[in-house]
Structures are given as C-alpha cells and as structure tokens.
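Close look at the chain arrangement
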Amino acid sequence: RRAAWQMRSTPASLSDIVSLYTAATLGDADDAGLLGDAAEREGLPAGRAWWESAPAPSPLPPRVRADAVAALGAAPVARLCSLASAYALAFGFQPSVVSHQCEHLLGLLGARAARPGASAATAAVAVHAALFAPYLLWCQHVCAVPRCSRGRAAAYVEACEAEALLFLLVWAEAANLRHAPEAVWWVFHQLSTDGRLPAPFLPAVVAPLVTAAVVLMRERQPALNYDDINEAFWQPRCLTWALAGSGAGSASSELLRLRKTYRERRSWL
C-alpha cells in the first residue's frame, strides 16, 4: 500500500486540493475526468491520472451515507466524501481514519443543522468556528498568518468543510500528540502551508514526533512531559521547523533539544 501511495504525485498545496475537489463537485461529485481536467488546467503534476488513481469517492458505508444525506442533503455529503478521498490520496491518511473522521464531521454537522432555524451551510460555519477558535489564538501568539477561512463569500462554506475535515484527520492520526494540542495545530498549519510529504502522514510526520516525545519522557532527567512539548510549539521559531522526518531542522530533532523550564513538585498535599 505504501509503495502504491509513493508512486502517486501529490498536489502542490492544500489550496490545490480544495480547488480540484470544488471543480469536481460543481458538476458531478463522482466525475473523475473533471478532476483530471482541473488538474491539467492548474498545471499540477500527473494531470488526469492523479484523480483516476484515487480511492473510491465515498469513504462511508451506505447506511451512514444515507443517514447523512437525510440530515444534510446530498450535496454536502457528496462534497465531503469526494474531499475525504482526495485527502487520503494526497497525504496518505489511513483509510479507516478517513472513513471514521468523515463520519465524525458529518455527525457534528448533522447535530448542528438539526437546531431550529439552522441549515447545512450555517452548520458548517458554526462547527468550523468552534473547531478553529483555539487555532486562531495560537496563530496570534506565534505571529503566524492563519491558514483557515474567515469570510462570507459563496465558497466560504465549502472551505469551512474542507478545513474542518483536514483538521479532524490530522487530529485522529496524531495519536498521543493529542495531549499537546498546540503541536497538533502546528502540524495542521505546516501541512496547510506546504502540502508535500515524502511518505504517508503517519510515518512521515507522527512517528518522528512521537519518537522524540518518548525520548524526552523516558530517557531525560528530569523527565519532560506533554506540557513541556506544548511549550515548544508556543514559540514563533517553531514555524521554521520542517514538518516531516527527523533530520536537521525538523521538528522532531528540535524537540530533542528541549530543556525543562518548570519543575513540578508532587506531594500528597
């Protein structure tokens, strides 16, 4: 599976993925040729073959998809299923994670849309605002330009859906890094900025960071914890770290240089 993924050319950035998926869903969400034509117009590598080699457009079981369509309508569900497959292809997310998080987001949207006076569009905006409020605070603290939508254009709702799904996929694959939420926001920010990975997301991004965390927690004296790791991603210099791998300049190598700045005192009192 990894060898097959590595043979595929990934789009240049998250915005390219969103533009391709939007171009497809404006017509038929299952039209692989339309996505290929959009890729050729955008000058992306691999052209039509990029989407034609993608997984099936729907990552959802039929019953789950039917329930989501009943709650939100066919168009939002088709958009999210198409986008979920594009993310799986571009970043190498695990198929089970893609399916579960697509269902997760549809559940959040359906619950919000069921409120009096709400709709699928207002639900997408509300869920996005709730998910990304901490991210905007983090961007402000590290002096970063947010990589999420803040506007009222017609495409805003679709961008909200796309960004919410990507964050949930990153969050789900992050494993124990979820105990360091600023690290998860950093991963989302860097992935949205560049969008290129040398390998599937789990071995390329998560594994090196978790390995560094294990070293800090088990082999250092005094031992560091998730709060210390979180602190590293509150510094503006983290924006210069490479997302993937464990080489020089990568986030995992920089984490190994951490020193404890606060010594916890534990007692029975």
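It should be emphasised that the depicted structure is a prediction, and the values quoted were computed from it without experimental measurement.

Remarks on the overall build of the protein
Secondary structure assignment for the protein yields 13 helices and 0 strands. In sequence order, the secondary structure elements of the protein are arranged as α-α-α-α-α-α-α-α-α-α-α-α-α. A burial count over the protein gives 49% of its 269 residues as buried. Of the contacts formed within the protein by residues at least 6 apart in sequence, a portion of 69% connects residues at least 24 apart. In the structure as shown, the protein presents an accessible area of about 13,000 Å², 55% of it carried by carbon and sulfur atoms.

Digging into helix 8 (residues 120-142)
With 23 residues, helix 8 extends 33 Å between its outermost C-alpha atoms, agreeing within 8% with the 33 Å of an ideal straight helix rising 1.5 Å per residue. Taken as a whole, helix 8 carries its principal kink of about 45° at F132; the proline P134 stands between one and four residues after it. Within helix 8, burial applies to A123, A124, V127, H128, L131, F132, Y135, W138, C139 and V142. Where helix 8 is buried, its residues contact helix 7 (95-113), helix 9 (156-173) and helix 10 (181-193). In the stretch just after helix 8, C143 is the one whose phi turns positive, near 60°.

What about the pattern of salt bridges?
Tallied over the full model, the rule gives 2 salt bridges. Close ionic contact of E161 with R79 constitutes a salt bridge, the shortest N to O distance being 3.0 Å. Of this pair, E161 sits in helix 9 while R79 sits in helix 6 (residues 74-91), placing them 82 residues apart in sequence. Put simply, R257 and E254 hold a salt bridge, and the shortest N to O gap is 3.8 Å.

Describing the side chain of S99
With respect to the secondary-structure elements, S99 resides in helix 7. Taking the relative accessible area as the measure of exposure, S99 reaches 15% and is therefore buried. When near neighbours in sequence (up to four residues on either side) are disregarded, S99 contacts P59, L60 and P61.

How each quantity is defined
- Residues numbered from 1 in each chain as written.
- Predicted model: local features only at pLDDT ≥ 70, side-chain atom pairs only at ≥ 80, totals over all residues.
- Heavy atoms only, no water.
- Helix = DSSP H or I, 4+ residues; strand = E, 2+ residues; numbered from the N terminus.
- Buried < 20%, exposed > 50% of the residue type's maximum accessible area, 1.4 Å probe, protein only.
- Contact = heavy atoms within 4.5 Å.
- Areas by Shrake-Rupley, 256 points an atom, 1.4 Å probe, with all protein chains shown as cover.
- Expected span 1.5 Å × (residues − 1).
- Bend = angle between axes of the 7 residues up to and from the residue.
- Salt bridge = Lys/Arg side-chain N within 4 Å of Asp/Glu carboxyl O.

Such coordinate-based values are descriptive only and should not be taken to indicate function.
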